[in-house]
Amino acid sequence: MSVFDPLNGEAFTAFGQHVIWSDMVGNTIGLIALALGWRRSVLTWPTQLLSGLVLIGAFASAHLAGGVGKQLLVIVVALWGWQQWTRGRRKAQDGSIAVRFATWRERGVLLAGTAAGTAAVGWLFTLVPHLSWNPWPDAYIFVGTLAAMVAQARGLVEFWFAWLLVDVVGVPLAFSSGLAFSGLVYVIYLGLVLWGMRDWWLRSREHTVTEPARPTQPEPALNGAAL
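The rules behind each value
- Residues numbered from 1 in each chain as written.
- Predicted model: local features only at pLDDT ≥ 70, side-chain atom pairs only at ≥ 80, totals over all residues.
- Heavy atoms only, no water.
- Helix = DSSP H or I, 4+ residues; strand = E, 2+ residues; numbered from the N terminus.
- Buried < 20%, exposed > 50% of the residue type's maximum accessible area, 1.4 Å probe, protein only.
- Areas by Shrake-Rupley, 256 points an atom, 1.4 Å probe, with all protein chains shown as cover.
- Core = buried A, V, L, I, M, F, W, Y, C linked by side-chain atoms within 4.5 Å.
- Contact = heavy atoms within 4.5 Å.
- Axes fitted to C-alpha atoms, helices over the stretch in contact; angles between N-to-C directions.
- Left-handed = near helix turned anticlockwise from the far one by under 90°.
- Nonpolar A, V, L, I, M, F, W, Y, C, P; charged D, E, K, R; others polar.
- Salt bridge = Lys/Arg side-chain N within 4 Å of Asp/Glu carboxyl O.
- pLDDT = per-residue confidence, 0-100.
- Patch = residues over 30% accessible without salt bridge, like charges linked within 9 Å, V, L, I, M, F, W, Y side chains within 5 Å.
- Expected span 1.5 Å × (residues − 1).
- Polar contact = N/O pair within 3.5 Å; in protein donor to acceptor, adjacent residues only side chain to side chain.

Helix and strand counts for the protein chain come out as seven helices and four strands. N-terminal to C-terminal, the α/β element order of the protein chain is β-β-α-α-α-β-α-α-α-α-β. Sorting the 227 residues of the protein chain into buried and exposed places 43% on the buried side. Only carbon and sulfur atoms are counted for the fraction: they give 68% of the accessible area of the protein chain, which is about 12,700 Å².

Right under this line is the structure:
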């Protein structure tokens, strides 16, 4: 008996789709994590970590080893992002994480890394069929999710654009994989992504970053000044 068996029971059936507990609970927690990310709360990271743990059971029940691997990496990146936001030096005046647009160099690195990662993971999924029955879309979501989390950890507005691109493929793939609740959640993600994108975009234009005060230096005495 697996530790995930209690979570892999059927929660309910709707429109011919069977929704299992792990799929429903894990993605509900994921929605909360995304909402916390929109609010720039450091709690987004432990919440994402918990979501990944629960979703391992959902992907295992659907025999999607690639999905299980993705959630394991999500957990690792969530731990890293948690550390980045906890130890971050750039803070907004309200104590939350300051956000900004990426530089062109950072965008290039993200795009190149996502493309190369998708090609590598897609090739692996094709080479080992039992990892994913739909290798290229799965690889795209796999790598795109990690790219989005990395951008989020760095406080980049592009984080939301990355999630938007993941959603475009994630919705149909989730429904076709039999994870109906995941598909529904991806649709809700879309609304949160657009809302969060607007909020981070506006906040990136506010110069509200607090910097440590610099010690004042005494001005040099002027020539001819009285001593």
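With 45 residues, the main nonpolar core has Leu 34, Phe 159, Trp 160, Trp 163, Tyr 189 and Trp 200 as its most contacted residues. Secondary structure elements with two or more residues in this core: helix 1 (21-38), helix 2 (44-61), helix 3 (65-87), helix 4 (104-127), helix 5 (135-153), helix 6 (158-176) and helix 7 (180-204). Element by element, the count of residues in this core is highest for helix 5, at nine residues. Sequence-distant contacts of Trp 200, defined by excluding residues within four places in its chain, comprise Gly 37, Trp 38, Arg 40, Trp 85, Val 99, Gln 152, Gly 155, Leu 156, Val 157, Phe 159 and Trp 160.

Between helix 4 and helix 5, the least distance of the axes is 8 Å, while the angle of their chain directions is 145 degrees. Between helix 4 and helix 5 the crossing geometry is right-handed. Contacts from Leu 110, Gly 113, Thr 114, Gly 117, Thr 118, Ala 119, Val 121, Gly 122, Trp 123, Phe 125 and Thr 126 in helix 4 reach Pro 135, Trp 136, Asp 138, Ala 139, Tyr 140, Phe 142, Val 143, Ala 147 and Ala 151 in helix 5. Considered class by class, the residues forming the contact of helix 4 with helix 5 number 13 nonpolar, six polar and one charged.

So, about the pattern of salt bridges. If you walk through the whole model with that rule in mind, you get five salt bridges. Its salt-bridge partner being Arg 154, residue Glu 106 comes within 3.3 Å of it at the nearest N-O pair. Residue Glu 106 is found in helix 4, and its partner Arg 154 is found in the loop between helix 5 and helix 6; the two are separated by 48 residues along the sequence. Among the residues examined, Arg 154 registers a relative accessible area of 45% and is labelled partly exposed.

In this section: the confidence of the model for the protein chain. Mean pLDDT over the protein chain: 77, with 70% of residues reaching 70 or higher. Here strand 4 (residues 209-210) is the element of the protein chain with the lowest mean pLDDT, 44, and helix 4 is the one with the highest, 94. For the stretch residues 221-227, pLDDT sits under 50, and the model shows zero contacts to residues farther than four places along the chain or on other chains.

All right, on to a nonpolar patch on the surface then. Residues Val 42, Leu 43, Leu 79 and Trp 82 make up a contiguous nonpolar surface patch of about 340 Å² in total accessible area. The residue Trp 82 is located in helix 3 in this model.

Right, let's talk about helix 1 for a bit. Between its first and last C-alpha, helix 1 extends 26 Å over 18 residues, near the 26 Å set by a 1.5 Å rise per residue. For helix 1, the complete set of buried residues consists of Ser 22, Asp 23, Met 24, Gly 26, Asn 27, Ile 29, Gly 30, Leu 31, Ala 33, Leu 34, Gly 37 and Trp 38. Just beyond helix 1, the residue with positive phi is Arg 40, at close to 60 degrees.

On to the environment of Gly 52, then. Among the secondary structure elements, Gly 52 is positioned in helix 2. As a C-alpha pair, Gly 52 and Val 74 span 22 residues in sequence and 6.4 Å in three-dimensional space. Not counting the four nearest positions on each side in its chain, Gly 52 is found in contact with Gln 71 and Ile 75.

Further remarks concern the environment of Gln 83. Looking at where Gln 83 falls in the secondary structure, it is placed in helix 3. For Gln 83, a relative accessible area of 37% translates into the label partly exposed. It is 8.9 Å that separates the C-alpha atoms of Gln 83 and Ala 153, two residues lying 70 residues apart in sequence.

All right, on to the side chain of Glu 106 then. With a relative accessible area of 14%, Glu 106 lands in the buried category. Only 3.3 Å separates the side chain of Glu 106 from the side chain of Arg 154, close enough to count as a polar contact. Look past the residues within four positions of Glu 106 in its chain and what remains in contact with it is Arg 100, Arg 154 and Leu 156.

Let us look at unusual backbone geometry. In this structure, Arg 40 takes a positive phi of about 60 degrees despite not being glycine. With respect to the element layout, Arg 40 can be found in the loop between helix 1 and helix 2.

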